[in-house]
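Examination of the molecular architecture
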Amino acid sequence: MPAHRPSRPLTAAVVGLVLLAGCSGGDASPPRVAPRTATPTGSPEVDTASATATALDELLARRDAAVLDGDRDAFRATVADPDGAAGRAQLAAFDAARALRPDRLAHDVVAPVDDPSAVDVGVRYRLAGLDRGDRTARTRYRVVRDGDRWLVASEASAPGAQAPPWTAMPGLTVRRTTHAVVAGTLPSADLDAAGRTVDDALPGLARRWSRAPGRVLVLAPATVAEGEALLGAAADDGVGASTDGPTGEDGRATGDRVVLDPSAHARLTRTGRVVVLTHELAHVAVRATLPGALPTWLSEGYADHVGYAGADVPVTDLLAPLTAAVRAGAAPRDLPDAAAFAAGGSLEVTYLAAWQAVELLADRRGEAGLDRLLRACASTGGEQAAERICDTALPEVAGLDRQALTRLWRQRLDDLAR
């Protein structure tokens, strides 16, 4: 699934305005960290820059070790001005990292370092109990020389790249529940509510998906800047949340996390927040279980099938934009593919239409049949391959081919619009 694709609109009945959820299929804008190589010498400038890189590498290694060991004094010793604003921010980031419990933390400094005031460093980390593979991010350092040693004057998110959560939100608070780790700068009541939603939704998903994670990380930034730093991308107005994470060699996600959008969160109703988060948890569960991609109509339609299941809003209200589009002759005529979801126009109608395709399948074959279909349609060859595989699987699993499914789905939409 492409990074930060809007994946889920909410109707006005739920949120008072249209909002989308988002899903990504990997680290958004992951840092392209070059392997360490020997730096050609021959000029004092290059030699000095290479030496700076070596010194910075050693300095950051000490900081990484201090974080993993919980040694705040050792970390503080690497900070140029611990009592200044930039120094206090670094120490807050140390505390935030410790609260998130990394059990792996490493970095990549690429020589030469030409400008000590803006050094972008690749970060690799895993959070204990959450990640089965490395996460990648990037941090920008400003380093200064103090006699014969280098110290960190400041650290910040690198523009256009994902930052580690503790750098993006150094003031974060962590709430741990049975099935959630919620970390963010939103008010405590909001963090607690997100944890309850995960605890309510994840056990049911785990019963459907044998490899669904037992605990999910939810990141809850309070500002747009924090959200953009977490995703490494500009905020997408109206997107309620995104699912983000890398995949392993088998094509399965190794540590997804849900990133809430702060602007959307402020406008969502309580029900809207539950629906958005539950929708994203469905993506997390499926991506952790199935290798590769699904047809977009099936992936997003299924996430809505799960997300809307607990909404205390009449289905007729939820479907109002779709039924209006059907009456106007503006509803989709084919099961929407990735291009349809990326196109302009009413994305809300596109997602509602995909939801109804999945509801039709659930009505015919039940939850077990729907689960079988998702498992049969996954492909590591990309969405087009997944579409072909799914077309082959439909007759056996659902008892109808794509043409018949499309015909029944169109009839369902027409019936709903009457």
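Look up: the structure comes first, before these words.
Counting from 1, residues in each chain are numbered in the order their sequence is written. Only residues with pLDDT of at least 70 get local features here, since the model is predicted, and only at 80 or more are side-chain atom pairs given and counted; chain-wide, interface and lining totals rely on the full set of residues. Note that the side-chain values use all heavy atoms of the structure and ignore hydrogens as well as water.

Description of the environment of S299
Strands here are runs of E lasting at least two residues and helices are runs of H or I lasting at least four, both read from the DSSP assignment and numbered beginning at the N terminus. Considering the arrangement of structural elements, one finds S299 in helix α10 (residues 296-308). For the pair S299 and A354, spaced 55 residues apart in sequence, the C-alpha to C-alpha distance is 8.8 Å.

A word on the packing of aromatic side chains
Any pair of Phe, Tyr and Trp rings, taking the six-membered ring for Trp, is counted once the centres come within 6.5 Å. Such a pair is stacked with planes under 30 degrees apart, edge-to-face with planes over 60 apart, and tilted for the rest. Considering all chains together, one arrives at five aromatic pairs under this definition. Ring geometry for Y125 against W166: centres 5.0 Å apart, planes inclined by 70°, an arrangement best described as edge-to-face. With Y125 in strand β4 (residues 119-127) and W166 in helix α5 (residues 165-168), this residue pair connects regions lying 41 residues apart in the sequence. Each member of the pair, Y125 together with W166, is buried. Burial classes follow relative accessibility: with a 1.4 Å probe on protein chains only, a residue under 20% of its type's maximum area counts as buried, one over 50% as exposed, and anything between as partly exposed.

Details of the state of the cysteines
Working definition: a disulfide is two cysteine sulfur atoms within 2.5 Å of each other. In this structure the tally under the stated criterion is one disulfide. With its sulfur 2.1 Å from that of its partner, C377 forms a disulfide with C390. Measuring handedness by torsion sign, the sulfur bridge of C377 and C390 sits at about 65° and is right-handed. Placement of C377 in helix α14 (residues 347-377) and of C390 in helix α15 (residues 383-398) is noted, with a sequence separation of 13 residues between them. One exposure class covers both C377 and C390, and it is buried.

Considerations on the environment of A354
In this structure, A354 sits in helix α14. Sequence spacing of A354 and W297 is 57 residues, and the spatial spacing of their C-alpha atoms is 5.0 Å. Contacts between residues were defined by any pair of non-hydrogen atoms, one from each residue, lying within 4.5 Å. Those residues within four positions of A354 in sequence are excluded, and the remaining contacts are W297, G301, P336 and F341.

Notes on helix α4 (residues 85-100)
Helix span, expected: 1.5 Å multiplied by one less than the number of residues in the helix. With 16 residues, α4 ought to run about 22 Å at 1.5 Å a step, and its terminal C-alpha atoms sit 23 Å apart, in line with that. Within the sequence span of α4, burial applies to G87, Q90, L91, A93, F94, A96, A97 and L100. In the segment just after α4, R101 is the residue with positive phi, at about 60°.

Focus on the environment of T316
By secondary structure assignment, the location of T316 is in helix α11 (residues 315-318). Once the C-alpha coordinates of T316 and L416 are considered, the two residues, 100 residues apart in sequence, prove to be 8.4 Å apart.

Details of the sheet that holds strand β3 (residues 102-108)
Between any two strands, at least two bridges found by DSSP are needed for them to pair. With antiparallel pairing, four strands are arranged side by side in an open sheet as β3-β4-β5-β6. If you trace the sheet from one side to the other, it starts and ends with β3 and β6 (149-157), each paired once. Strand-to-strand twist of the sheet, defined as the mean angle between neighbouring strand axes without regard to direction, takes the value 35°. Alignment of strand β5 (residues 135-146) against β6, held across eight bridges, turns out to be antiparallel. Counterpart to T139 in the pairing with β6 is S157. Axis lines are fitted to C-alpha atoms, over the contacting stretch for helices. Their N-to-C directions set the angle, which ranges from 0 to 180 degrees. Sitting on the sheet, α4 is in contact with β3, β4 and β6, with an inclination near 70° to β6.

Concerning the packing of α10 against α14
Relative orientation of the contacting elements α10 and α14 amounts to 95°, with a least axis distance of 8 Å. Taken together, the axes of α10 and α14 are roughly perpendicular relative to one another. Nonpolar residues are Ala, Val, Leu, Ile, Met, Phe, Trp, Tyr, Cys and Pro. Charged residues are Asp, Glu, Lys and Arg, and all others, Gly as well, are polar. Across the contact of α10 with α14, the residue classes tally to 16 nonpolar, two polar and five charged. Under this scheme an angle from 65 to 115 degrees is roughly perpendicular, one under 35 degrees roughly parallel, and one over 145 degrees roughly antiparallel; angles in between are oblique.

Some words on the pattern of salt bridges
Note on definitions: salt bridges are taken to be side-chain nitrogens of Lys or Arg within 4 Å of carboxyl oxygens of Asp or Glu. Per the counting criterion, the structure on display carries 21 salt bridges. Measuring nitrogen to oxygen at the nearest pair gives 3.0 Å for the salt bridge that ties R412 to D363. Of the two residues, R412 sits in helix α16 (residues 402-417) while D363 sits in helix α14, which places them 49 residues apart along the sequence. Residue R412 is classed as partly exposed on the basis of its relative accessible area of 22%. Its salt-bridge partner being D391, residue R402 comes within 3.1 Å of it at the nearest N-O pair. On the criterion of sequence distance, the pair formed by R402 in helix α16 and D391 in helix α15 is long-range, its members being 11 residues apart. Through salt bridges with shared partners, a single network forms among R104, R126 and D134.

The values reported here are purely geometric and, on their own, carry no functional implication.
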